[in-house]
Amino acid sequence: MIPESFIQELLHRVDVVDLIDGYVPLKKAGANFAACCPFHNEKSPSFTVSPSKQFYHCFGCGAHGSAISFLMEYSGLGFIDAIKELSHRVGLQVPEDEGRRTHDGPKISGLTEVMARASKYYYEQLKRSEKAINYLKGRGVSGEIAQKFGIGYAPEGGQSLAAAFDDYGAAELQLAGLVGKSDDGRLYDRFRDRVMFPIMNQKGETIAFGGRLLGDGKPKYLNSPETPLFEKGREVFGLPQARAALRDKDTAIVVEGYMDVVALAQHGVGNAVATLGTATTATHVQKLLRQVDRIVYCFDGDAAGRKAAWRALENSLEALPEQKSVGFVFLPEADDPDSFVRNQGTEAFERLIAQAMPLSEFLLRELASHCDMTSAEGKAKLVAEAKPLLGRLQTPLLRLQLVKRLAEASGFSQPEVERLCDLRPIVRAAPARVPRQAPSLLRPLLRLLLQKPELAKGLPLGALAPNSAEARAVGYLCQTILAAGEPTPPYAALLERLRGNEDEGIFREAAAELMQQPFAEEDIDAEFDGVVHRLLEAETRRTFEVLKQKVAKLGLSGLSSEEKQQYVLASTTSGRTTELNRSS
Ligand SMILES: [Zn+2]
């Protein structure tokens with residue numbers, strides 16, 4: 001691990017405006033800078049960089065981050081390489097103690113070279129292996145396509161890679177996942193007798209391999225383990241090769257296997273990519289939606305395929321910005337994209353993709369398939385099961401669509417569905433009702449904390465009722481800030497710590513709002529006090545409402561002694577309670 005203190009120091013030294021301006025010319029726009037977004041196609045600039053807060057946000061596609069994430073996304077660098085690159089620019093030395101992974105000596109940059117050399121070696125071996133060539137020919141793969149994807153062959157021997165590397169025992173080979181070590185300390189090639197598919201990052205550097213076994217045995221498909229270069233949940237196979245076609249078609253087709261990607265490319269469908277032995281993650285979705293407006297998941301029609309599609313759906317919900325869409329295609333039983341395109345041809349396949357089932361339809365169908373839609377209970381169950389999914393959607397239009405369809409399917413009215421699903425408006429404008437904790441207060445609180453993280457130290461615990469995603473997000477943010485110790489990290493540094501949190505989307509939204517409407521520095525403490533005051537008041541009222549209902553039902557004797565105290569206090573001195581809470 002690179003020490004947090006170093007990351008803070010680095011972000012302090014680097015100016016995100018200078019950095020980005022070197023890649024994308026920025027224009028001053030009020031307090032911020034703007035440009036057409038480098039991560040999605042657009043004609044008017046919605047990509048905004050905040051010089052004071054040192055982060056960028058695209059109001060079009062949702063791209064968001066610090067100088068570190070900009071370099072990662074723009075140049076396809078890994079986290080550590082991005083830090084190295086930035087350090088180099090500002091003349092900082094990355095601390096030698098880079099973490100357990102690299103204690104043994106090997107360096108990340110060395111791993112990239114190792115992978116490049118292995119890739120070249122496998123590629124050359126393919127020409128010498130008749131059975132590998134026959135396998136590819138049998139699948140209809142031309143030499144041109146094999147070259148485009150850098151397909152190779154790992155020979156059968158136990159230590160074939162020794163021919164490509166002077167030092168077969170070098171720690172880099174093991175760290176890169178190419179060489180394994182048996183219990184008795186013997187070294188062996190991880191990939192043997194396999195057709196090799198290099199997995200490349202956006203820069204086109206090989207970061208991992210997928211290998212398809214030619215002989216009998218198991219497993220039929222083997223991927224590199226996760227390494228400092230390769231994180232499965234982030235990478236997709238075929239991305240650099242698909243780039244031009246993605247831009248052309250504005251659609252990414254996500255399939256299950258690398259052979260599917262290759263076969264589709266062979267038939268002129270260049271915009272397919274595959275996830276790597278893992279479900280489609282929200283990171284995958286975000287990554288693809290930066291480049292295209294539409295993702296179509298193309299899976300087998302069997303139970304496993306539908307399960308994979310459902311997980312893709314779940315992970316797409318939160319990552320799906322306005323104006324982007326997701327569709328699903330299920331192939332006929334016993335077909336995969338490879339066999340389908342070979343038997344039915346390119347046009348038939350393109351037609352399937354064009355007519356993909358919209359997300360809303362797939363969602364409803366799947367839910368309805370395990371509810372008895374002929375009974376009232378079944379229809380109610382449908383709505384109940386849709387509730388958590390609807391709550392995760394960030395796009396008002398799609399949510400409205402789904403609510404409408406849910407209403408049709410369930411026989412409830414649209415407002416009833418909204419109420420049952422506890423849906424609050426996504427665009428936060430109207431003040432929320434008590435007794436639910438007002439998100440209208442939590443939003444500004446989040447913005448305040450992001451603008452001045454030190455404030456976390458003054459937030460009374462009693463102000464937060466943990467009954468909404470916003471409250472959870474505020475709680476997590478405070479924990480993160482307090483755990484970071486002194487000096488309190490600014491937002492750009494916090495961003496790196498919040499990466500991957502389930503409420504990352506909420507933080508990003510709040511930061512984007514902050515970018516447009518920052519609090520004046522001289523007002524910020526007073527604003528904070530005001531919000532906390534109102535939160536505590538609302539919380540007192542909420543507690544009181546809950547207790548009042550309990551009393552109405554059970555009488556005063558239904559309350560615990562602690563509750564009784566609260567009840568009396570709240571009913572008599574609701575105005576002063578907040579003061580008490582604050583001073584305690
Ligand atoms: Zn964008």
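Just so it is clear, the model here is predicted, and its values are computed rather than measured.

A. Fine view of the overall build of the protein chain. Counting secondary structure elements, the protein chain contains 24 helices and 17 strands. Taken over the C-alpha trace, the protein chain has a radius of gyration of 27 Å; the compact-globule value for 584 residues is 25 Å, and the two agree within 12%. Expressed as lengths along the three principal axes of its C-alpha atoms, the size of the protein chain is roughly 90 × 65 × 55 Å. Split into buried and exposed, the 584 residues of the protein chain put 41% on the buried side.

B. Focus on the sheet that holds strand β5 (residues 64-65). Spatially, five strands are ordered β1-β2-β3-β4-β5 in an open sheet, and the strand pairing comes out antiparallel. Strands at the two margins of the open sheet, each flanked by one partner only, are β1 (27-29) and β5. Here β1 runs beside strand β2 (residues 32-35); their pairing, made up of three bridges, is antiparallel. Along β2, the bridge assignment pairs K28 with F33. Packed on one face of the sheet, helix α22 (residues 504-516) meets β2, β3 (47-50), β4 (55-58) and β5 and runs near 100° to β4.

C. How the structure looks around unusual backbone geometry. Note that the residue after K218, namely P219, is joined by a cis bond; omega there is -10°. Within the fold, P219 resides in the loop between β10 (206-213) and β11 (221-223). Of note in the backbone geometry, A334 takes a positive phi value of approximately 75° without being a glycine.

D. Just the environment of D529, in detail. Of note, D529 is situated in helix α23 (residues 524-554). A count of 13 C-beta atoms within 10 Å places D529 in the partly exposed class. Taking the C-alpha atoms as reference, D529 lies 9.7 Å from L455; in sequence the two are 74 residues apart.

E. Focus on helix α15 (residues 359-369). Every buried residue of α15 is accounted for by L359, F362, L363 and L367. All buried residues of α15 project into a common sector of 125° when viewed along the axis, lining one side.

F. View of the domain arrangement of the protein chain. Annotation of the protein chain at the domain level lists domain 1 (4-98), domain 2 (108-223), domain 3 (236-355), domain 4 (364-420) and domain 5 (439-583). Each of domain 2 and domain 4 has a C-alpha centre, and these two points are 48 Å apart.

G. A look at the nonpolar core. By size, the foremost hydrophobic cluster in this structure holds 156 residues, and its most contacted members are V261, V273 and I295. Non-local contacts of V273, meaning those with residues more than four positions away in its chain, are made with V236, F237, G238, L239, A242, A252, V254 and V261.

H. Here's a closer look at the sheet that holds strand β14 (residues 272-275). Sheet architecture is open: six strands sit in the order β12-β14-β13-β15-β16-β17, paired in mixed fashion. Edge strands, defined here as strands with exactly one partner in the open sheet, are β12 (236-237) and β17 (357-358). In terms of strand pairing, β12 meets β14 through two bridges, oriented antiparallel. Its bridge partner being in β14, F237 is matched across the sheet by A274.

I. Main features of the pairing of strand β15 (residues 294-300). When you tally the buried positions in β15, you get six out of seven residues, the bulk of the element. Taken together, the four bridges between strand β13 (residues 251-255) and β15 define a ladder with parallel strand orientation. Across the sheet, V254 pairs through a bridge with Y297, a residue of β15.

J. A look at the environment of R128. Examined against the element boundaries, R128 turns out to sit in helix α5 (residues 108-128). With 10 C-beta atoms counted inside 10 Å, the residue R128 sits in the exposed group. In this structure, the C-alpha to C-alpha distance between R128 and P489, residues 361 residues apart in sequence, is 56 Å.

K. Just the packing of helix α1 (residues 4-13) against helix α21 (residues 491-498), in detail. Taken N-terminus to C-terminus, the directions of α1 and α21 make an angle of 135°; their axes are 9 Å apart at the nearest point. Compared by their axis directions, α1 and α21 come out oblique. For α1 against α21, the interelement crossing comes out right-handed. Facing α1, whose interface residues are I7, Q8 and L11, α21 presents A492, A493 and E496.

Calculation criteria
Position numbers for residues count from 1 along each chain, tracking the sequence in the order it is written. In keeping with the model being predicted, local features are shown solely for residues with a pLDDT of at least 70 and side-chain atom pairs are shown and tallied solely at 80 or more, while totals for entire chains, interfaces and linings include all residues. Counting from the N terminus, the helices are DSSP H or I runs at least four residues long and the strands are E runs at least two residues long. We compute the radius of gyration from the C-alpha atoms alone; for a globule the expected value is 2.2 Å times N to the 0.38, where N is the number of residues. The exposure label follows from counting other C-beta atoms within 10 Å of a residue's C-beta, where the C-beta atoms are placed from the backbone and the thresholds are 20 or more for buried and 12 or fewer for exposed, leaving partly exposed in between. Only when DSSP finds a minimum of two bridges between them are two strands counted as paired. By definition, residues are in contact whenever their C-beta atoms, placed on the basis of the backbone, come within 7 Å of each other. The axes used here are C-alpha line fits, helices contributing only the stretch in contact, and every angle between their N-to-C directions lies in the interval 0 to 180 degrees. Read the arc as the range of directions from the helix axis to the C-beta atoms. The domain limits used here are those given by an automatic or database domain assignment. For this entry, the nonpolar core is defined as buried Ala, Val, Leu, Ile, Met, Phe, Trp, Tyr and Cys residues connected by C-beta atoms within 7 Å. Roughly parallel covers angles under 35 degrees, roughly antiparallel covers those over 145, roughly perpendicular covers 65 to 115, and oblique covers all other angles. Throughout, a crossing is termed right-handed when the near helix is turned clockwise from the far one, and left-handed when it is turned anticlockwise from it by less than a right angle.

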